[in-house]
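# Notes for the structure review
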Amino acid sequence: MAEPNTKSAVKPATGLRSRHIAMIALGGTIGAGLFVGSGAAIEATGPAVLLAFLMVGLLVILVMRMLGEMVVADPGRGSFVEYIRAAHGDKVGFTSGWLYWFFWVVVLGSEAIAGAILLQDWVHLPIWVLSIGLIGLLKLVNFAAPRVFGECEFWLSAVKVFSILAFVAVGALYVVHVFGPGVPVWHNLMGHGGFFPHGIVALLSIIPTILFTMMGSEIATVAAGESPEPDKNVARVTRSLGTRITLFYLASVAMILLVVPWTSIVSGRSPFVTAMDTMGIPGAGMMMRIVVLSAILSCLNSAMYITSRVLTELAAQGDAPAFLTRRSASAAPRMAITVSSIAGTLVAFSSILAPQTIFAFLLSCSGGVILLIYSLIVTAYITTRFAARRNGTEKDNYTLFLFPFCNYATLAGVVLVFIAMLINPEERMTALATLGTSVVCYGMASYFVMRNKRNA
């Protein structure tokens, strides 16, 4: 079986820089799920949503730390999929790679439709035309050298980061009565049923939804492979990225809860707009539409990038057609980008032509994939660290505290989230469909891995 070619893929002149890598990961994580989708979480949970964000944030921090230590201990393998493969074998590597690609293809199609709906108020064209246009535009961006993609993602993500920081700063000034008529902070936070107005069950049931809005940090390990110093960049990003994301989410949602009563938050309407209207900020609706559009474009850009890189890596391992490994002179995997963009377009069309059948089925099948991926990252870390302990290299490469108890606790947290999905009637079909998709994908892995061994 061919070894993945990751070390010589990109020259420093065209590769990504450290600032690009950090923003690429933020771009895949901070999206419309925060700016709009957080309203549904607040409405369903009340102030306890802060505890849910903290719990999910801690999970992301630990998973990223484990992933970073694996990459630093054994550099040059490629994305996190290859570390899962090294720990659990080719069948699990095949399964995790294709499931992750499928997950981001569904995100690509979904975000294209969301962007088209948003643009339709300004550009009066059919949604299918606008969605194809968005995918085509970001396909061209990804066709260029990786640094061009990184620069676009840097500025799109910068808009989101600046918007969050500005919102928190203005909200803090409003809360401490620097401007405005003043606000009853304690009453807004605790005066409508207390901290747990809907109970602990509501808190646990909302965690899967929050996890899906905060995933995407693992993209940084893929992007770092296209930088001049991949090992240093991976170590730097994975140590701090999970903490930054958690702080962004916690600070912005906490400010919303302080400025307005949580009972005034309506699902489907941006809670940021509600808070800004309360503070009397002019043009709040238009500003948030621009921010949400930048978030959607950023997520589309990241989805196009990660699907093409994972597909290229699968092809290098013999798990996908060999022509997908081809790169242009600028080091962009254009064949993989094309295939991923076509698949994303088909998903977008399914949301228009059959939203209640095909598209709903695709969403259900991909909805719990990130839980499986995080579980495999944790178990891969456990396996590789025990191997390092046997080889006498553990102290040189691994520093995560309370091993292996911390890892087992993280794995238990992921399993509890999945159990919560099975208990919740609204999430149960997603959990079952994800299990079925994983079983089918593993069955396909058994066939293709055996075929590759025979050919070898």
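Definitions and cut-offs
- Residues numbered from 1 in each chain as written.
- Predicted model: local features only at pLDDT ≥ 70, side-chain atom pairs only at ≥ 80, totals over all residues.
- Heavy atoms only, no water.
- UniProt positions renumbered as here; feature names shortened; annotations may be inferred.
- Helix = DSSP H or I, 4+ residues; strand = E, 2+ residues; numbered from the N terminus.
- Rg over C-alpha atoms; globule rule 2.2 N^0.38 Å.
- Buried < 20%, exposed > 50% of the residue type's maximum accessible area, 1.4 Å probe, protein only.
- Contact = heavy atoms within 4.5 Å.
- Areas by Shrake-Rupley, 256 points an atom, 1.4 Å probe, with all protein chains shown as cover.
- Core = buried A, V, L, I, M, F, W, Y, C linked by side-chain atoms within 4.5 Å.
- Axes fitted to C-alpha atoms, helices over the stretch in contact; angles between N-to-C directions.
- Left-handed = near helix turned anticlockwise from the far one by under 90°.
- Nonpolar A, V, L, I, M, F, W, Y, C, P; charged D, E, K, R; others polar.
- 1 Å grid on protein atoms, 1.4 Å probe; cavity = no way out; pocket = protein on both sides within 12 Å on 5 of 7 lines; lining within 4 Å.
- Points joined across faces, edges and corners; volume = space filled by probe spheres on them.
- Phe/Tyr/Trp six-rings, centres within 6.5 Å; stacked < 30°, edge-to-face > 60°.
- Lys NZ or Arg CZ within 6 Å of the ring centre and 35° of its normal.

The name that an unreviewed UniProt entry assigns to the chain is Amino acid permease, with the source organism given as Acetobacter ghanensis. UniProt annotates the chain under Subcellular location (unreviewed entry) with the comment "Membrane".

Helix and strand counts for the chain come out as 19 helices and 0 strands. The C-alpha atoms of the chain give a radius of gyration of 22 Å, which matches the 23 Å a tight globule of 456 residues would have. Judged by the C-alpha coordinates and their principal axes, the chain covers about 75 × 55 × 45 Å. Counting across all 456 residues of the chain, residues that qualify as buried make up 55%. Within the chain, contacts between residues at least 6 apart in sequence are counted, and of these 80% link residues at least 24 apart. Summed over its atoms, the accessible surface of the chain is roughly 18,500 Å², and 70% of this surface lies on carbon and sulfur atoms.

If you look at the biggest cluster of nonpolar residues, it comprises 147 residues, and the most contacted ones within it are Phe35, Tyr100, Trp104, Ile210 and Ile377. If we ignore the near neighbours within four places in the chain, the residues touching Ile210 are Ala41, Val49, Ala52, Phe53 and Val56.

Interhelical geometry of helix 7 (residues 146-175) versus helix 13 (residues 284-316) gives an angle of 145° and a closest axis separation of 9 Å. Along this stretch, helix 7 crosses helix 13, giving a crossing that reads as left-handed. On helix 13, the residues that touch Pro146, Phe149, Cys152, Glu153, Leu156, Ser157, Val159, Lys160 and Ser163 of helix 7 are Val291, Ser294, Ala295, Leu297, Ser298, Asn301, Ser302, Tyr305 and Arg309. Residues belonging to the contact of helix 7 with helix 13 are distributed by class as follows: 9 nonpolar, 6 polar and 3 charged.

By volume, the largest pocket is sized at about 1,300 Å³. Along its surface, the largest pocket is lined by 37 residues, and Ala32, Gly33, Gly37, Ser110 and Glu111 are the ones closest to its centre. Class assignment of the residues belonging to the lining of the largest pocket gives a composition of 18 nonpolar, 15 polar and 4 charged.

Now for empty space enclosed by the protein. Over the atoms rolls a probe the size of a water molecule, and its path tells where empty space is left. Counted under the stated rule, the structure contains 1 cavity of 30 Å³ or more. The computed volume of the largest cavity comes to approximately 50 Å³. In this structure, the largest cavity is lined by Gly33, Leu34, Gly37, Ser38, Ala41, Phe53, Thr209, Ile210, Thr213 and Tyr249. Of all the elements in the fold, those that place two or more residues in the lining of the largest cavity are helix 2 (32-45) and helix 9 (199-214). When residues in the lining of the largest cavity are grouped by element, the largest group, 5 residues, is from helix 2. Of the residues contributing to the lining of the largest cavity, the split by class is 5 nonpolar, 5 polar and no charged.

A separate point is unusual backbone geometry. Phe403 connects to Pro404 through a cis peptide bond whose omega is 0°. Position of Pro404 relative to the elements: it lies in the loop between helix 17 (394-397) and helix 18 (405-423). Its identity as a non-glycine residue notwithstanding, Leu402 has a phi of 55°, on the positive side. In this structure, Leu402 sits in the loop between helix 17 and helix 18.

With that out of the way, let us pick up the packing of aromatic side chains. The relative placement of two aromatic rings is captured by the distance of their centres and the angle of their planes. For the structure shown, the criterion picks out 18 aromatic pairs. Between Phe154 and Trp155, the ring centres sit 5.1 Å apart and the planes meet at 90°, which makes this aromatic pair edge-to-face. Accessibility expressed as a relative area gives 54% for Trp155, which makes it exposed. The residue whose ring lies beneath Arg289 is Trp122, and the NZ or CZ to ring-centre distance is 5.4 Å.

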